[in-house]
Amino acid sequence: MVPCSKIIPDTATVAVKRLEGLCQGEKEFRAEVSTIGKIHHKNLIRLLGRCCGGSKKLLVYEYMPNGSLDQHLFGKSNLTLSWSTRYQIAVGIAKGLAYLHEGCRDCIIHCDIKPQNILINESLAPKVADFGLSKLIGHDFSRVLTSMRGTLGYLAPEWLSGQAITSKADVLSYGMMLFEIISGKRNIEHGASTSSSMLIAEEIPKGGEVHRLFDPELVGDANPEELARVFKVACWCIQNHPDCRPSMREIIQILEGLKPFETPPVPRYLKLLADGQE
């Protein structure tokens, strides 16, 4: 086993990710190290060190005591995320992604944004994690990613249509995740059936009531203006054409009330999901 890339104090609490296999393990190992090994942002998980030897590879990260976001939205958790906390989590994720897309020397597309890959620290702040599928493509977006990356239910349609993949693919995944942050339910169960929250979401741009989508555990807790803002941002994020989606920087400005925006059209993506078309 090659020694760890840096010495970590014996008293430190860390999380260790083990990658196995000569092919896939090597790809994920290289992707994660090259992506987050040299970047630092408060909303991105920090890589503390790495070890490798043969087919066994270990990545050492800072420890997140509150686990992943999906545990608190969908699983059995003793921690109930208030609306205020969910809103700040949404803003924090957007800031982490904006840094990846625009704050680094090369644009980094995460390619797998979903609640399972958002970790929560002791202060309930989010950190984007799991960069095994990420890709550095440069800011000219001249390269086309040919192999599909990501998770069903969060994939942008351009993955299937053969269009060039840009940072707007992450924007669509982020928008799909916003629906889940609002409703506390998965958009798609078991990769097939559409949840009631998505069916309601399709009605809202036509004049439906946003609170129908809200997690019933938090009734009366949400700021109506913030709730409507997050929902409209989500609808803009999942527009079928990448050029119609906002950048993560624009999303931050909208969520923080610094940028006005129009009511989005009904996303074609919602209709496809509601009709059960994957």
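Values in this document were obtained by computation on a predicted structure and should not be read as measured data.

## With respect to helix α3 (residues 83-103)
Logical step 1: Across its 21 residues, α3 extends 28 Å between first and last C-alpha, which sits within 8% of the 30 Å expected from 1.5 Å per residue.
Logical step 2: Burial within α3 is extensive, with 15 of its 21 residues counted as buried.

## As for the nonpolar core
Across soluble globular proteins, nonpolar side chains show a tendency to be buried alongside one another.
Logical step 1: Residues Leu69, Ile93, Tyr174 and Ile251 are the most contacted members of the largest nonpolar core, which totals 68 residues.
Logical step 2: Beyond its immediate sequence surroundings of up to four residues, Leu69 is in contact with Leu81, Ile89, Ile93, Pro115, Ile118, Ile120 and Ile181.

## Notes on the packing of helix α5 (residues 168-183) against helix α7 (residues 224-237)
Logical step 1: Direction vectors running N to C along α5 and α7 enclose 145°, while the axes themselves pass 8 Å from each other. Considering the relative orientation of α5 and α7, their crossing is left-handed. The segment α5 lies against α7, with Val171, Leu172, Tyr174, Gly175, Leu178, Phe179 and Ile182 engaging Leu227, Val230, Phe231, Val233, Ala234, Cys235 and Cys237.

## Quick notes on the pattern of salt bridges
Logical step 1: All chains considered together, the criterion is met by nine salt bridges.
Logical step 2: Close ionic contact of Lys114 with Asp112 constitutes a salt bridge, the shortest N to O distance being 3.7 Å.
Logical step 3: For Glu225, the salt bridge identified is with Arg229, shortest N-O distance 2.8 Å. Pair noted here: Glu225 and Arg229 are both in helix α7, with a separation of four residues, about one helical turn.

## Re the confidence of the model for the protein
Logical step 1: Averaged over all residues, the pLDDT of the protein equals 80, while 76% of them reach at least 70.
Logical step 2: Long-range and interchain partners of residues 1-5, a stretch whose pLDDT sits below 50, account for 13 contacts in this model, where long-range means more than four residues apart.

Calculation rules
Residues numbered from 1 in each chain as written. Predicted model: local features only at pLDDT ≥ 70, side-chain atom pairs only at ≥ 80, totals over all residues. Heavy atoms only, no water. Helix = DSSP H or I, 4+ residues; strand = E, 2+ residues; numbered from the N terminus. Expected span 1.5 Å × (residues − 1). Buried < 20%, exposed > 50% of the residue type's maximum accessible area, 1.4 Å probe, protein only. Core = buried A, V, L, I, M, F, W, Y, C linked by side-chain atoms within 4.5 Å. Contact = heavy atoms within 4.5 Å. Axes fitted to C-alpha atoms, helices over the stretch in contact; angles between N-to-C directions. Left-handed = near helix turned anticlockwise from the far one by under 90°. Salt bridge = Lys/Arg side-chain N within 4 Å of Asp/Glu carboxyl O. pLDDT = per-residue confidence, 0-100.

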